[in-house]
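Listed below, chain by chain, are the residues.
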Amino acid sequence: MTDATALELLHRVFGYPAFRGPQAEIVDHLAGGGDALVLMPTGGGKSLCYQIPALLRPGVGIVVSPLIALMQDQVDALRQAGVRAAFLNSTLDFAAVVATEKALCTGQLDLLYVAPERLLTERCLNLLDRLAADGQLALFAIDEAHCVSQWGHDFRPEYIQLSILHERYPAVPRIALTATADALTRREILARLGLGEARVFVSSFDRPNIRYTVVDRNNPRRQLLGFLAGHAGAAGIVYCLSRKKVDETAAWLNAQGIAALPYHAGLDTATRTRHQQRFLREEGIVMVATIAFGMGIDKPDVRFVAHLDLPKSLEAYYQETGRAGRDGEPAEAWMTYGLNDVVIHRQRIDESAAGAEQKRIERGKLDALLAWCETAECRRTRLLAYFGETREDRCGNCDTCLEPPELWDGSIAAQKAMSAILRTGQRFGAGHLIDLLRGKTTERIRQLGHDSLPTFGVGADLDEAGWRSVFRQLLAAGLLHADAQSFGALKLTDAARPVLKGESLLHLRRQRKQKSALARRHKTAAATPTGSDETLFEALRAWRAEQAKAQGVPAYVIMHDKTLHELAARRPASADELLDVPGIGQAKAERYGAEVLEIVAAMAIAWPVQDSAVFGRRQF
Ligand code: ADP
Ligand code: ZN
C-alpha cells in the first residue's frame, strides 16, 4: 500500500470522499514521521488520524488503548473495511495470543491494538524491538491519552510508563489523542509522554449535530415519555443520579413498552456486562444509568442522552451528552431540571470530605451549570464559551435558538420573593415560600402564622410553576443560595441587595408552556436525518441486522446508520454508484454490493407508484 496517497486510502478503504477538519494535516504530519497531540471532540474522527498513516508507512501501527471491551469491535470494523487488524489483551486465550504474535512478526498486520499493561510486558517489548530493528514499526497511537493525568477520573498508572516508547523507539512517530479539552490535561500529556516536540492540533469542541434542550421539571416521567416518543426504536442513555432511581426508571419504562435496561455500580459485574453488551449489539435499547456507565461507550448511533437529574458540572454534562451522535447524524441532549437538584448538589458538596478550596471550586462549577440551564442565550455558544471557545452567531440547533425564551421584567417578582424569604427568617425552601406568596392557607402556613405576614398572597399573579422558575433563576443568577445545612433553606446573598432595593432591573425568562412548538418539533426534526426514504432505510436496516447476527458483530460494524441513510437517499444502481456512497469502500462494495444493490432495486419497483400515475409508463 506504500504507493497510495492518503486521499486514495480514504476513498478506497473507508469510502469517504474528503478529510474532515484537521485530519488531512494530521495524517500528513504523522506519515512524514512527526509526533502529534490531537485534541478533538468525540465523534470528530480521531481514528483515521492514525489508521491512515499506519497504512501509509511501512510496517504495523501500534494502538494503545485502555478500552479492552471495545477492541474486538474496533478490529472487526477495520476488517470489514479490508484492513489487517488484530488486538492483544487479557481477553485472548494463549493460542490466540501466539497466533496474533506470529502475524505481527511476519508482517501480516497493518494495525495492532494493545492494552497498556500488555504492551509494557518484556515479551511484548521484545517483539517490538524486533520489528523496530527491521523498520517495521509504522507508528504508536496513544488513545485516550488523558489517562496519564493523575487528576482526572480515568487515571491509569500504566499510561505514565508509556514514555518508554519514546526512549526505546525514538525514530517511530507517536500520536496521542484525547477528547478532553482542558489546558492542564494537555500539558500533562505532553510532559508525561515525552511529547515535547509534538505538534498540537486543537479542534473546535462543538458537536453541531447534537441539539441541546433543557426543560423545567414538573412531571419528569411524563416529560421523559414525551421526549422518548420522538425517538421510538432509537438507542439512547437516560442518566439518573441514584441507583434507586435508575432501577425504578428502567422498570417503569419497561412497563410503558420501552426496552430499557438499568446500569449502575450496585449491579454485579456479570449483569453490568450483559446489559452493556445488549446496548451495544441490539438496536433501540434505552440504557438507564448512573455515571458509572459511559467511559468507552463508542457506540456511534446513540441518538439521545437524557438527564433526569442535573449533572455536577458543565464538564460532566458535555462529556455525558457527548456520547450521543458520534456518527454525525442528528442527536439530542435533553435534560429536566428543578430547584431540588440545586439543593441535592449543594448538600453533596458540603458533606463531602474534600478540602475548603476543592469545595469552593465545585460550588463554582455548579453555579456555572445553573446559569447555563437558565440562560436565554444560545446554549451552544455558552457551552463552548465555558471551554474557552468563542463564537458570535446563534447555533439554530438548541432550544433557546429554536424557540427564543421571552424575557420579562422580573424585578418586582424578585422583590416579592426576597421579601418572603427575609420575613420568614431565611429558614424555608421554595415550596413553602411559594405557598406563602400565592396565599395558600396550608396547615403549616397557619401554624407558623405566616398568613398574617404582609407578603402573604402578594404573588397570586404567578402560578406555582412560574414561581419555581423565578426562584431557580434567582439562584442561577447568584442572588439566592440554597443552604444545604438547613435543608435547602433559601437565603439572600450580598448580590441581592440592589435588586431588593429596586436599584437594578432584573430580566427573567418566561416559563415555557407545556406543549410548546419545540416539543412538537422534536418529533420530526431530530428523528429523520438526511431526507432518505424511510421504507428503503428500514429494509436495509433489516438486512444489516441479519448480517450482524450471522457474523456476531454489532450492526454498526457492518455499516453505520449514516451509510444506510445515504444508500436510501441516493439509491445506487451500479457498482460505481455504490462506491460513491460515503462509508462504502472497496472491501464493503465487494462483500455486500450485490445484496445491497438488489435491495435497492427491489424497493425501486415498489416505489414509483406515483411516477407511473404521472407518466403512465407502468401498469400496476
Ligand atoms: P472519535 O474517535 O474522534 O470519537 P471516530 O474516529 O470514531 O471519532 O469517528 C467518528 C465517526 O466519523 C465515525 O463514524 C467515522 O467513520 C466518521 N468519520 C471520520 N472521519 C470521517 C471523514 N473524513 N468523512 C466521513 N466520516 C468520517
Ligand atoms: Zn443555539
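All figures in this text were calculated on a predicted structure; none of them were measured in a lab.

Calculation criteria
- Residues numbered from 1 in each chain as written.
- Chains lettered and ligands numbered in written order.
- Predicted model: local features only at pLDDT ≥ 70, side-chain atom pairs only at ≥ 80, totals over all residues.
- Heavy atoms only, no water.
- Pairing = 2+ DSSP bridges.
- Helix = DSSP H or I, 4+ residues; strand = E, 2+ residues; numbered from the N terminus.
- Axes fitted to C-alpha atoms, helices over the stretch in contact; angles between N-to-C directions.
- Core = buried A, V, L, I, M, F, W, Y, C linked by side-chain atoms within 4.5 Å.
- Buried < 20%, exposed > 50% of the residue type's maximum accessible area, 1.4 Å probe, protein only.
- Contact = heavy atoms within 4.5 Å.
- Domains from an automatic or database assignment.
- Buried area = accessible area lost by both parts, 1.4 Å probe.
- Salt bridge = Lys/Arg side-chain N within 4 Å of Asp/Glu carboxyl O.
- Polar contact = N/O pair within 3.5 Å; in protein donor to acceptor, adjacent residues only side chain to side chain.
- Near = heavy atom within 4 Å.
- Areas by Shrake-Rupley, 256 points an atom, 1.4 Å probe, with all protein chains shown as cover.
- Nonpolar A, V, L, I, M, F, W, Y, C, P; charged D, E, K, R; others polar.
- Expected span 1.5 Å × (residues − 1).
- Right-handed = clockwise from strand over helix to strand, strands pointing away.
- Parallel < 35°, antiparallel > 145°, perpendicular 65-115°, else oblique.
- Left-handed = near helix turned anticlockwise from the far one by under 90°.
- Phe/Tyr/Trp six-rings, centres within 6.5 Å; stacked < 30°, edge-to-face > 60°.
- Lys NZ or Arg CZ within 6 Å of the ring centre and 35° of its normal.
- Donors = N, O, S within 2.8 Å, 3.2 Å for Na, K, Ca; no water.
- Arc of directions from axis to C-beta.

Draft legend 1. View of the sheet that holds strand E6 (residues 174–178). On the basis of which strands lie adjacent, the open sheet formed by 7 strands has the order E3-E4-E2-E5-E6-E1-E7 and parallel pairing. Of all the strands in the sheet, the pair left with one neighbour each is strand E3 (85–88) and strand E7 (199–202). Taken over all neighbouring pairs, the strand axes of this sheet differ in orientation by 20 degrees on average, direction set aside. One ladder, built from 4 bridges, connects strand E1 (residues 36–39) with E6; its direction is parallel.

Draft legend 2. Quick look at the sheet that holds strand E13 (residues 331–337). With respect to topology, 6 strands assemble into an open sheet ordered E8-E13-E12-E9-E11-E10, the strand pairing being parallel. Single-partner strands in this sheet number two, and they are strand E8 (210–216) and strand E10 (260–263). Between one strand and the next, the sheet's axes are offset by a mean angle of 15 degrees, whatever the strand orientation. The pairing of E10 with strand E11 (residues 286–289) spans 4 bridges and is classified as parallel.

Draft legend 3. Layout of the nonpolar core. Ranked by size, the top nonpolar core spans 131 residues in total, and within it Phe279 and Phe471 carry the most contacts. Each residue touching phenylalanine 279, except ones within four places of it in the same chain, is listed here: Ala235, Gly236, Ile237, Ile285, Met287, Phe293, Ile297, Lys299 and Val302. Listed in part, the 37 residues of the second largest apolar core include Leu10, Ile26, Val83 and Ala141.

Draft legend 4. The arrangement of the domain arrangement of the protein in detail. Partitioning the protein into domains gives domain 1 (6–202), domain 2 (210–337 + 375–403), domain 3 (407–510) and domain 4 (534–615). Distance between the C-alpha centres of domain 1 and domain 4: 32 Å. Contacts between the two partners involve 13 residues from domain 1 and, on the opposite side, 16 residues from domain 4. A combined buried area of about 990 Å² lies between domain 1 and domain 4, and 53% of that area is made up of carbon and sulfur atoms. Together, Arg12, Asp73 and Gln80 form the three largest contributors to the area buried by domain 1 at its contact with domain 4, with a combined 52%. Between the two partners, domain 1 and domain 4, sit 0 salt bridges. For the interface between domain 1 and domain 4, the tally reads 5 residue pairs in polar contact (both at pLDDT 80 or more). Those elements that provide at least two residues to the side of domain 1 that touches domain 4 are helix H1 (6–14) and helix H4 (68–80).

Draft legend 5. Up close: the site of ligand 1. The local shell around ligand 1 holds 15 residues, among which Tyr16, Gly43, Ser47, Arg326 and His560 are the closest. Glycine 44 places a polar main-chain atom, nitrogen or oxygen, 3.4 Å from an oxygen atom of ligand 1. Considered on its own, ligand 1 offers 560 Å² of accessible surface; in the complex 84% of this is hidden by protein. If you tally residues by element for the shell around ligand 1, the top one is helix H3 (residues 46–56), at 3 residues. Residue classes in the shell around ligand 1 are distributed as 5 nonpolar, 7 polar and 3 charged.

Draft legend 6. Here's a closer look at helix H15 (residues 339–351). Between the first and last C-alpha of H15 there are 19 Å, a value that for 13 residues agrees with the 18 Å anticipated at 1.5 Å per step. Where H15 is concerned, the buried positions are Leu339, Asp341, Val342, Val343, His345, Arg346, Ile349 and Asp350. Where H15 is buried, its residues touch E13, helix H16 (356–373), helix H20 (430–438), helix H22 (464–476) and strand E15 (480–483).

Draft legend 7. Summary view of the pairing of E10. Going residue by residue along E10, you find Ala260 and Pro262 tucked away on one face and Leu261 and Tyr263 tucked away on the opposite face as well. With helix H13 (residues 269–281) bridging E10 and the parallel E11, this β-α-β connection has right-handed handedness.

Draft legend 8. A look at the packing of helix H2 (residues 23–31) against H3. The geometry of H2 relative to H3 is characterised by a closest axis approach of 9 Å and an angle of 40 degrees between their N-to-C directions. As far as their axial angle goes, H3 and H2 are oblique. Between H2 and H3 lies a crossing whose hand is right-handed. Taken together, the residues of H3 that come into contact with H2 (itself represented by Gln23, Ile26, Val27, Leu30 and Ala31) are Leu48, Cys49, Tyr50, Ile52, Pro53 and Leu56.

Draft legend 9. Local environment of the packing of aromatic side chains. Scanning the model with the defined rule gives 13 aromatic pairs in all. When the centroid spacing of 6.2 Å and the interplanar angle of 45 degrees are considered together, the rings of tyrosine 212 and tyrosine 317 count as tilted. Of this pair, tyrosine 212 sits in strand E8 while tyrosine 317 sits in helix H14 (residues 314–321); the two residues are 105 residues apart in sequence, bridging distant segments of the chain. Residues tyrosine 212 and tyrosine 317 agree in their burial class; the two are buried. Aromatic side chains tyrosine 386 and phenylalanine 387 sit 5.5 Å apart centroid to centroid with 80 degrees between the ring planes, which places their arrangement in the edge-to-face category. Aromatic ring contacts, followed pair by pair, group Phe205, Tyr318, Tyr386 and Phe387 into a single cluster. Its end group placed over the ring of phenylalanine 279, lysine 299 keeps NZ or CZ at 5.6 Å from the ring centre.

Draft legend 10. Geometry of the packing of helix H19 (residues 411–423) against H22. Two numbers describe how H19 lies on H22: the axes approach to 10 Å, and their chain directions differ by 80 degrees. One way to sum up the angle between H19 and H22 is to call them roughly perpendicular. Counted together, Ala413, Ala414, Lys416, Ala417, Met418 and Ile421 of H19 and Trp467, Phe471 and Leu474 of H22 form the full contact between these two elements. In terms of residue class, the contact of H19 with H22 is made up of 8 nonpolar, no polar and 1 charged.

Draft legend 11. Spotlight on the coordination of the zinc ion (ligand 2). Looking at the zinc ion (ligand 2), one finds its protein donor set to be Cys378 (SG), Cys395 (SG), Cys398 (SG) and Cys401 (SG), positioned 2.4 Å from the metal centre. Read from N- to C-terminus, the donor residues coordinating the zinc ion (ligand 2) fall into the pattern C-x16-C-x2-C-x2-C. With a gap of 20 residues between them, cysteine 378 in the loop between H16 and helix H17 (379–386) and cysteine 398 in the loop between H17 and helix H18 (399–402) connect regions that are remote in the sequence.

Draft legend 12. Seen up close, the environment of aspartate 301. Looking at the element boundaries, aspartate 301 is found in the loop between E11 and strand E12 (302–307). The exposure class of aspartate 301 is buried, given its relative accessible area of 10%.

Draft legend 13. Just the environment of arginine 509, in detail. Position of arginine 509 among the secondary structure elements: in strand E17 (residues 507–509). With 105 residues separating them along the chain, arginine 509 and proline 404 place their C-alpha atoms 9.5 Å apart. Excluding anything up to four places from it in sequence, arginine 509 contacts Cys373, Glu374, Thr375, Ala376, Arg379, Thr400, Pro405, Glu406, Leu407, Trp408, Ser469 and Gln473. Side-chain polar atoms of arginine 509 contact the backbone oxygen of threonine 375, separated by 2.4 Å.

Draft legend 14. Structural detail: H13. Between its first and last C-alpha, H13 extends 18 Å over 13 residues, near the 18 Å set by a 1.5 Å rise per residue. Three or more residues of H13 are buried, namely Thr271, His275, Gln276, Phe279 and Leu280. Viewed along the axis of H13, the buried residues span an arc of 165 degrees, placing them on a single side of the element.

Draft legend 15. Main features of unusual backbone geometry. Here the phi dihedral of glutamine 426 falls at roughly 55 degrees; this positive angle occurs in a residue that is not glycine. Structurally, glutamine 426 can be placed in the loop between H19 and H20. A positive phi angle, near 45 degrees, is found at arginine 571, a position not held by glycine. By the element assignment, arginine 571 lies in the loop between helix H27 (561–570) and helix H28 (575–579).

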